[in-house]
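Listed here are the chains, written in short residue letters.
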Amino acid sequence: MRFQACTIVRQFLRVQTIYETALLSNCIPKSSFEVTSRFSGSFPVPQSATFLQDDKNAKVVLLGTVHFSKQSIEDVSEIVKHLNPNAILVELCRQRVSLLELDDKQFLEDAKNFDARKFNREAAKGQNFVSGMLHAMLLKTYADIAKELGVAPGGEFRRAYHEMKKIPGCKLFLGDRPIQITIARAFQSLSVYELGQVLYHLTTANPKPLDKHQLEKYKDKDFVQAQFEEITRDVPAFKKIFHVFVDERDKCLAYSIQECVRSVKKPRVLAVVGMGHVDGISKYYGKMKQEHIIPLLVRGAE
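Residues numbered from 1 in each chain as written. Predicted model: local features only at pLDDT ≥ 70, side-chain atom pairs only at ≥ 80, totals over all residues. Heavy atoms only, no water.

**So, the side chain of Arg158**
- With respect to the helices and strands, the residue Arg158 is situated in helix α6 (residues 155-166).
- Note on Arg158: relative accessible area 3%, which makes it buried. (Helix = DSSP H or I, 4+ residues; strand = E, 2+ residues; numbered from the N terminus. Buried < 20%, exposed > 50% of the residue type's maximum accessible area, 1.4 Å probe, protein only.)

Written as structure tokens, this is what we have:
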């Protein structure tokens, strides 16, 4: 039973990860893959970045990334060079913070020879059972995708982390909602019938291998829309799940950025998130209050 539960959640995480990858690429205008930078606010930023705030009170740059893109990694360094931030926020929670310490080459090598027992032991160190299992399942999901694409996940977050360590006084903030809350809310947002549909899909689906060259298709808005419609046509309940994974987290991330700005003097903040969250964060930034966020941090979705 425990093995089945782990398999279901891993499949769910895979669906969510691939869906976000589709969102990321779809949200970047096609021209932005050809133009390396543009002027916006006080200095040139990559095409996938925007100023959330640029006034006497704060400079806040929001960088949208494609999680398996080498260009996104370089975009982080480009912004750091111009902004010289005193705070960097990344789209991670405590359960996923281990991504910051991954060695890319070693991870790709480990992914080819994945040892579930070893990963489970390492994941569980210093954590309770639930956190340890979630950590292990995340690593397994990342390993599967990395093996298929030949690219270690979260490279842009690691670059941000290493850039932060080079800047005296710069602080790192984890901006995302805990993954176990997100997963719990996603499943609890469903009726018994919808939950049955989703679990059946996750346990019987045989996902096609990913091809990094095929990811280029996700720049095509029509292709992405067709993929989303196919998923939600087969399992309409995924619309509710994606609402929890995207829109709710947009609100949490926007609030985290606000709190980051509030907590540092003369804030110069770089926020690094998946491109699929950029539109939502831009919409909610400056508008979120604690009373809006507290209901999103309980395990039962409304």
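**A closer look at the sheet that holds strand β3 (residues 49-54)**
- Read from one edge of the open sheet, five strands run β3-β4-β7-β5-β6, paired in mixed fashion. Sheet topology places β3 and β6 (171-174) at the edges, where each strand pairs with a single neighbour. Each strand axis lies, on average, 20° off the axis of its neighbour in the sheet, ignoring direction.
- Both strand β4 (residues 59-65) and strand β7 (residues 268-274) contribute to a ladder of seven bridges, which runs parallel. Among the inter-strand pairings, Lys59 is bridged to a residue of β7, identified as Arg268.
- Each of β3, β4, β5 (87-90) and β7 touches helix α2 (residues 70-83); the most contacted strand, β4, lies at about 170° to it.
- With respect to the sheet, helix α10 (residues 238-263) is in contact with β3, β4, β5, β6 and β7, its orientation differing from that of β5 by roughly 165°. (Pairing = 2+ DSSP bridges. Axes fitted to C-alpha atoms, helices over the stretch in contact; angles between N-to-C directions. Contact = heavy atoms within 4.5 Å.)

**Digging into the pattern of salt bridges**
- Enumeration according to the criterion identifies eleven salt bridges in this entry.
- Among the charged side chains, a network of salt bridges with common partners joins Glu91, Arg96, Asp176 and Arg249. (Salt bridge = Lys/Arg side-chain N within 4 Å of Asp/Glu carboxyl O.)

**Overview of the packing of aromatic side chains**
- Tallied over the entire structure, the rule returns one aromatic pair.
- Arranged with centres 5.6 Å apart and planes meeting at 15°, the rings of Phe238 and Phe242 form a pair that is stacked. Taken as a pair, Phe238 and Phe242 lie in helix α10 at a separation of four residues, close to a single helical turn.
- By relative accessible area, which is 0% here, Phe238 ends up buried. (Phe/Tyr/Trp six-rings, centres within 6.5 Å; stacked < 30°, edge-to-face > 60°.)

**Quick word on the nonpolar core**
- Membership of the largest hydrophobic core comes to 25 residues, with the highest contact counts inside it found for Leu52, Val60, Leu62, Ile257, Val261 and Ile281.
- Of all elements in the fold, only β4, β5, α10, β7 and α11 (278-284) reach the threshold of two or more residues within this core.
- For this core, the leading source of residues is α10, giving seven residues.
- In this structure Leu62 touches Ser48, Ala49, Thr50, Leu52, Ile257, Ala271, Val273, Val278, Ile281 and Ser282, once residues within four positions along its chain are discounted.
- By size, the runner-up hydrophobic cluster in this structure holds 23 residues, among which are Phe43, Leu83, Val90 and Leu100. (Core = buried A, V, L, I, M, F, W, Y, C linked by side-chain atoms within 4.5 Å.)

**Quick notes on α10**
- The first and last C-alpha atoms of α10 sit 36 Å apart over 26 residues, in line with the 38 Å expected at 1.5 Å per residue.
- Of all the bends in α10, the greatest, near 30°, is centred on Arg249.
- Along α10, 19 of the 26 residues are buried, which leaves the element largely enclosed by surrounding structure. (Expected span 1.5 Å × (residues − 1). Bend = angle between axes of the 7 residues up to and from the residue.)

**Structural notes on unusual backbone geometry**
- Even without glycine at this site, Asn84 takes up a positive phi of about 45°.
- For Asn84, a relative accessible area of 41% gives the class partly exposed.
- A positive phi angle is found at Lys266, which is not glycine, with a value near 45°.
- With respect to the helices and strands, Lys266 occurs in the loop between α10 and β7.
- Exposure remark for Lys266: the relative accessible area of 72% places this residue in the exposed category.

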